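Examining the three-dimensional arrangement
As a plain string of letters, each chain reads:
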Amino acid sequence: MRNQEIPADVVAERADTSVSMIEKHYDKPEYVEEMEKRRRPYLDRLDFDEGGEDQ
């Protein structure tokens, strides 16, 4: 659901279950999403010039 941006409450209603059950078992980020979330703050702090070389 996370990747398709479908709200958990909509999925829970269609699956006849609770939102907490959907979030517990199905609404987990993929490995790549988690990795990107962890590394983004560090990448944003790196300073590269346009040529890709250090000054």
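You'll find the structure just up there.
What you are looking at is a predicted structure, and each value in this text was computed from that prediction instead of being measured.

The next point concerns the overall build of the protein. Within the protein, the secondary structure is distributed over three helices and zero strands. Moving toward the C terminus, one meets the helices and strands of the protein in the order α-α-α. Every one of the 55 residues in the protein was classed for burial, and the buried ones make up 11%. About 5300 Å² of surface is accessible on the protein, with carbon and sulfur atoms providing 48% of the total.

Turning to unusual backbone geometry, a few remarks are in order. Generally, phi is negative for residues other than glycine and the peptide bonds are trans, each holding for most cases. A positive phi is found at D16, a non-glycine position, where the angle reads about 55°. With respect to the element layout, D16 can be found in the loop between helix 1 (8–15) and helix 2 (19–25). The exposure class of D16 is exposed, given its relative accessible area of 72%.

Mapped onto the secondary structure, I22 falls in helix 2. Residue classification places I22 among the buried positions, given a relative accessible area of 3%. Placed 13 residues apart in sequence, I22 and D9 show a C-alpha to C-alpha distance of 8.5 Å.

A surface patch of nonpolar side chains, about 320 Å² in accessible area, is lined by Y31, V32 and M35. Relative to the helices and strands, M35 is located in helix 3 (residues 31–45). Here M35 falls in the partly exposed class, since its relative accessible area comes to 31%.

As enumerated under the stated definition, the model contains four salt bridges in all. With a shortest N-O distance of 3.2 Å, E34 and K37 are connected by a salt bridge. Pair noted here: E34 and K37 are both in helix 3, with a separation of three residues, about one helical turn.

About the cut-offs
Residues numbered from 1 in each chain as written. Predicted model: local features only at pLDDT ≥ 70, side-chain atom pairs only at ≥ 80, totals over all residues. Heavy atoms only, no water. Helix = DSSP H or I, 4+ residues; strand = E, 2+ residues; numbered from the N terminus. Buried < 20%, exposed > 50% of the residue type's maximum accessible area, 1.4 Å probe, protein only. Areas by Shrake-Rupley, 256 points an atom, 1.4 Å probe, with all protein chains shown as cover. Patch = residues over 30% accessible without salt bridge, like charges linked within 9 Å, V, L, I, M, F, W, Y side chains within 5 Å. Salt bridge = Lys/Arg side-chain N within 4 Å of Asp/Glu carboxyl O.

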